[in-house]
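Structural description and commentary
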Amino acid sequence: MADINSPNRPALPATGPSPAKPGANPLFLREEELRQGIEMLFFGYRDFISEPDRILADRGLGRAHHRVIYFVGRYPGSTVSSLLSILQITKQSLSRVLSQLVEEGYIVQRQGTSDRRQRLLTLTDKGRALEEQLTETQRQRLARAYRQAGAEAVEGFRKVMLGIMSDEEDRSRFGVTKRRP
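Predicted, not measured: the structure shown is a model, and the values here were computed from it.

1. As for the packing of helix α2 (residues 63-74) against helix α5 (residues 125-149)
Contact geometry for α2 and α5: axes closest at 10 Å, N-to-C directions at 105°. Relative to α5, the element α2 is oriented roughly perpendicular. From α2, H66, I69 and Y70 reach across to α5, where they touch G127, L130, E131, L134, T135 and Q138. Class assignment of the residues belonging to the contact of α2 with α5 gives a composition of four nonpolar, four polar and one charged.

2. So, the nonpolar core
Membership of the largest hydrophobic core comes to 21 residues, with the highest contact counts inside it found for V68, L94, L101 and I107. Looking at this core, the elements that each hand over two or more residues are α1 (31-57), α2, α3 (80-87), α4 (91-103), β3 (119-123) and α5. Top element by residues in this core is α3. It accounts for five residues. Discounting residues that sit within four places of it in the chain, L94 has contacts with V68, V80, L83, L84, L87 and I89.

3. Side note on the pairing of β3
Of all five residues in β3, four are buried; the element is thus mostly enclosed. Examined bridge by bridge, strand β1 (residues 78-79) and β3 share two bridges and lie antiparallel to one another. In the sheet register, T79 faces β3, and the bridge partner there is L120. Where strand β2 (residues 107-111) lies against β3, five bridges are found, and the strand directions are antiparallel. In the strand pairing of β3, Q109 is matched with L121.

4. Observations regarding unusual backbone geometry
With phi around 50°, Q88 is a residue other than glycine that occupies positive phi space. Residue placement: Q88 occurs in the loop between α3 and α4. Residue class for Q88 comes out exposed when judged on its relative accessible area of 57%.

5. Some words on the sheet that holds β1
Here we have three strands laid out as an open sheet, ordered β1-β3-β2, and antiparallel in their pairing. Each of the sheet's edge strands pairs with one partner strand only, and the pair in question is β1 and β2. Along the sheet, α4 contacts β2 and β3; its crossing angle with β2, the most-contacted strand, is approximately 105°.

6. Observations concerning the packing of aromatic side chains
Summed over the entire model, instances satisfying the criterion amount to four aromatic pairs. The interplanar angle of 70° and the centroid separation of 5.1 Å between the aromatic rings of F42 and F43 together place this pair among those described as edge-to-face. An angle of 5° between the planes, with centres 6.4 Å apart, marks the rings of F71 and Y75 as stacked. A relative accessible area of 23% means that F71 is categorised as partly exposed.

7. Brief notes about the packing of α1 against α2
Interhelical geometry of α1 versus α2 gives an angle of 95° and a closest axis separation of 10 Å. Taken together, α1 and α2 sit at an angle that is classed as roughly perpendicular. In this structure, α1 uses Y45, I49, P52, D53 and L56 to contact α2, whose residues at the interface are R63, H66 and R67.

Conventions we followed
Residues numbered from 1 in each chain as written. Predicted model: local features only at pLDDT ≥ 70, side-chain atom pairs only at ≥ 80, totals over all residues. Heavy atoms only, no water. Axes fitted to C-alpha atoms, helices over the stretch in contact; angles between N-to-C directions. Helix = DSSP H or I, 4+ residues; strand = E, 2+ residues; numbered from the N terminus. Parallel < 35°, antiparallel > 145°, perpendicular 65-115°, else oblique. Contact = heavy atoms within 4.5 Å. Nonpolar A, V, L, I, M, F, W, Y, C, P; charged D, E, K, R; others polar. Core = buried A, V, L, I, M, F, W, Y, C linked by side-chain atoms within 4.5 Å. Buried < 20%, exposed > 50% of the residue type's maximum accessible area, 1.4 Å probe, protein only. Pairing = 2+ DSSP bridges. Phe/Tyr/Trp six-rings, centres within 6.5 Å; stacked < 30°, edge-to-face > 60°.

Written out as structure tokens, the structure reads:
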């Protein structure tokens, strides 16, 4: 059986009616168009994380480590509780991942200045280098796709992604405070 991650993998059989026509009216989406959207999210995400997964595996790290490194890099000085809110994982899961990243020198924890119970997280130089390496592969892939799709499609993608998000706090990170109908 062919590995689905192989560049020589066989194409999946087309299912249902032909692909959605460009400019299809979004008010009349068919089941097939919605299913294709689900599949495109899956395949897009799989390919989006494939190179970072290889880089992480070489270091004995996984996707959970990637998420923590990314968000600590994106928001230096984050608290553990803010990271828990973003990632929506258990304290136990975050503790396990964070402990490894601290032990291996990717992240440092400092005590908060106003609240000594707070643990403020920042990347070390080693952590910043890894975050940049992981993000660069994804940045290049996204930039290429954006260039090929054009400005209108980029804005459409943004609207679709915001529409998929259900958490108002997450949406507010992107300047959206109310869910569009």
